Amino acid sequence: MKRDQISALRSKLALFSATTIVLFFTSLAIADLGDSLVLCKHNKTVRTLRVEMGDDSKCRAIYTKQGVDETIGSGLNPNSCVEFVSNVRKNLEEAKWNCREVKEARTSNVLIDSAE
């Protein structure tokens, strides 16, 4: 092989390796959506989207509207549930909702004093 052919072959191999790595980590990032929450707001209205894994190893895509959870899709492959969430998020954003992924959330409990 000539030097130019070897160089071209090495370039193609490097491109293939980089592409494989990017695709691998992209799929990990998509599957990781189950640990997060998508929060969508429009005016003062809030909707949430999330993926939960059940005890039966099935995933559930959950849409919360007015405090009520609704399963919008389920499957054995977590990526299919991520796809349900992504599609609903896209539809909300096209309807002028502002959506963002929430990685960390805190909750608080209100304690009512029994003396009152």
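Our structure's up above, just so we're on the same page.
Residues numbered from 1 in each chain as written. Predicted model: local features only at pLDDT ≥ 70, side-chain atom pairs only at ≥ 80, totals over all residues. Heavy atoms only, no water.

Asks: Looking at this structure, I do not really get the overall build of the protein chain. What am I missing?
Replies: Across its full length, the protein chain carries two helices and five strands. Ordering the α and β elements of the protein chain from the N terminus gives α-β-β-β-β-α-β. Here the protein chain holds 116 residues, and the buried ones make up 21% of them. Considering only contacts in the protein chain between residues 6 or more positions apart, those separated by 24 or more positions represent 38%. For the protein chain, the exposed area adds up to about 9300 Å²; of that, 54% sits on carbon and sulfur atoms. (Helix = DSSP H or I, 4+ residues; strand = E, 2+ residues; numbered from the N terminus. Buried < 20%, exposed > 50% of the residue type's maximum accessible area, 1.4 Å probe, protein only. Contact = heavy atoms within 4.5 Å. Areas by Shrake-Rupley, 256 points an atom, 1.4 Å probe, with all protein chains shown as cover.)

Asks: Quick question: what am I supposed to make of the pairing of strand S4 (residues 68-75) here?
Replies: Sheet analysis places strand S3 (residues 59-65) next to S4, joined by seven bridges and oriented antiparallel. Bridge pairing in S4 places Tyr63 opposite Glu70. With antiparallel pairing between neighbouring strands as the criterion, S3 and S4 make up a hairpin whose turn holds two residues, including Gln66 at a positive phi of roughly 55 degrees. (Pairing = 2+ DSSP bridges.)

Asks: I would appreciate a short explanation of the nonpolar core in the present structure.
Replies: A general trend in soluble globular proteins is that nonpolar side chains are found buried together. In terms of nonpolar packing, the biggest core is built from 13 residues, with Val38, Cys40, Leu49, Val51, Val85, Leu92 and Cys99 touching the most fellow members. Of all the secondary structure elements, the ones that give two or more residues to this core are strand S1 (37-42), strand S2 (45-53), S3 and helix H2 (78-94). In terms of residue count, H2 provides more of this core than any other element does, four residues in total. With residues near it in sequence (within four places) discarded, Cys99 still touches Val38, Leu39, Cys40, Arg89, Leu92 and Glu93. (Core = buried A, V, L, I, M, F, W, Y, C linked by side-chain atoms within 4.5 Å.)

Asks: Help me out: how do you make sense of the sheet that holds strand S5 (residues 98-102) in this one?
Replies: Paired through backbone hydrogen bonds, the strands of a sheet run either parallel or antiparallel to each other. Strand order in this open sheet of five strands is S4-S3-S2-S1-S5, and the pairing throughout is antiparallel. Only two strands of the sheet have a single neighbouring strand rather than two, namely S4 and S5. Between one strand axis and the next, the sheet turns through 20 degrees on average, direction left out of account. Note: S1 against S5, five bridges, orientation antiparallel. From the neighbouring strand, Leu39 faces S5, where its bridge partner is Arg100. (Axes fitted to C-alpha atoms, helices over the stretch in contact; angles between N-to-C directions.)

Asks: Even after reading the chapter, I still don't get unusual backbone geometry, so can you show me in this structure?
Replies: Among all residues except glycine, the phi angle is most often negative; among peptide bonds, the trans geometry is most common. The phi dihedral of Asn43 falls on the positive side, at around 55 degrees, and the residue is not glycine. Tracing the sequence through the fold places Asn43 in the loop between S1 and S2. According to the relative accessible area criterion, Asn43 is exposed, its value standing at 71%. Positive phi, close to 75 degrees, is recorded for Lys96, a residue that is not glycine. Of note, Lys96 is situated in the loop between H2 and S5.

Asks: For this particular structure, what's the right way to read the side chain of Arg50?
Replies: As for its placement among the helices and strands, Arg50 is situated in strand S2. At a separation of 2.9 Å, a polar atom in the side chain of Arg50 contacts the side chain of Glu52. In this structure the side chain of Arg50 is engaged in a polar contact, spanning 3.3 Å, whose partner is the side chain of Thr64. (Polar contact = N/O pair within 3.5 Å; in protein donor to acceptor, adjacent residues only side chain to side chain.)

Bear in mind that shape data such as this cannot, by itself, settle questions of function.
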